[in-house]
Amino acid sequence: MTSNKYIVRQPIKNQSSQIIGYEIRYYGENQAYSSEGPTSSDFAAADAIYSFLTQNTDKVLKGSLNFMTFTTNLLMKKTPKLFSPEDLVIQVDDSVIIHPLAMHFVERYAKDGYKVAVNE
């Protein structure tokens, strides 16, 4: 049995149905965003996402507003730096908020001009 993994761009539209940005999401057998703490699947997912973004940021993701949920692993890999501050909204969830090292990275990105949003 093979496992399928996908990184998708979901359009975000305003009330007039105009696309204002895209949410970048990871789907796979081992979800990247686990609230149960870091696992080997979190590291594997972070590597897959980072690899995809390094290959595609200049092609498909440049020039549009992108929303992406970041795990501690992705923040530590400096993944937001693959985007310019005006092209990215860094989304974080509870697992990042309660992690002191991760919040240090979030604060640094905010000082560098990145927008930060909290999921739910």
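Residues numbered from 1 in each chain as written. Predicted model: local features only at pLDDT ≥ 70, side-chain atom pairs only at ≥ 80, totals over all residues. Heavy atoms only, no water.

What to know about the sheet that holds strand β1 (residues 6-13)
Taken in spatial order, the 5 strands line up as β1-β2-β3-β4-β5 in an open sheet, and their pairing is mixed. Two strands lie at the open edges of the sheet, namely β1 and β5 (115-118), each paired on one side alone. Averaged over all adjacent pairs, the angle separating strand axes in this sheet is 25°, with direction ignored. Inspection of the sheet shows strand β4 (residues 88-92) paired to β5 by 4 bridges, in the parallel sense. (Pairing = 2+ DSSP bridges. Helix = DSSP H or I, 4+ residues; strand = E, 2+ residues; numbered from the N terminus. Axes fitted to C-alpha atoms, helices over the stretch in contact; angles between N-to-C directions.)

Examining the packing of aromatic side chains
This model, assessed by the stated rule, comprises 1 aromatic pair. Relative to Y114, the ring of Y109 has its centre 5.8 Å away and its plane inclined at 80°; by these criteria the two rings are edge-to-face. Of note, R9 hangs over the ring of Y22, and the distance from its end group to the ring centre comes to 3.7 Å. (Phe/Tyr/Trp six-rings, centres within 6.5 Å; stacked < 30°, edge-to-face > 60°. Lys NZ or Arg CZ within 6 Å of the ring centre and 35° of its normal.)

With respect to the pattern of salt bridges
Working definition: two side chains of opposite charge can pair if their charged atoms are close together. Following the criterion strictly, the structure yields 2 salt bridges and no others. One salt bridge connects E23 with R25, and the closest N-O pair in it is separated by 3.7 Å. On the basis of relative accessible area, R25 is assigned to the partly exposed category, the value being 31%. (Salt bridge = Lys/Arg side-chain N within 4 Å of Asp/Glu carboxyl O. Buried < 20%, exposed > 50% of the residue type's maximum accessible area, 1.4 Å probe, protein only.)

All we've got here are geometric facts, nothing functional implied.
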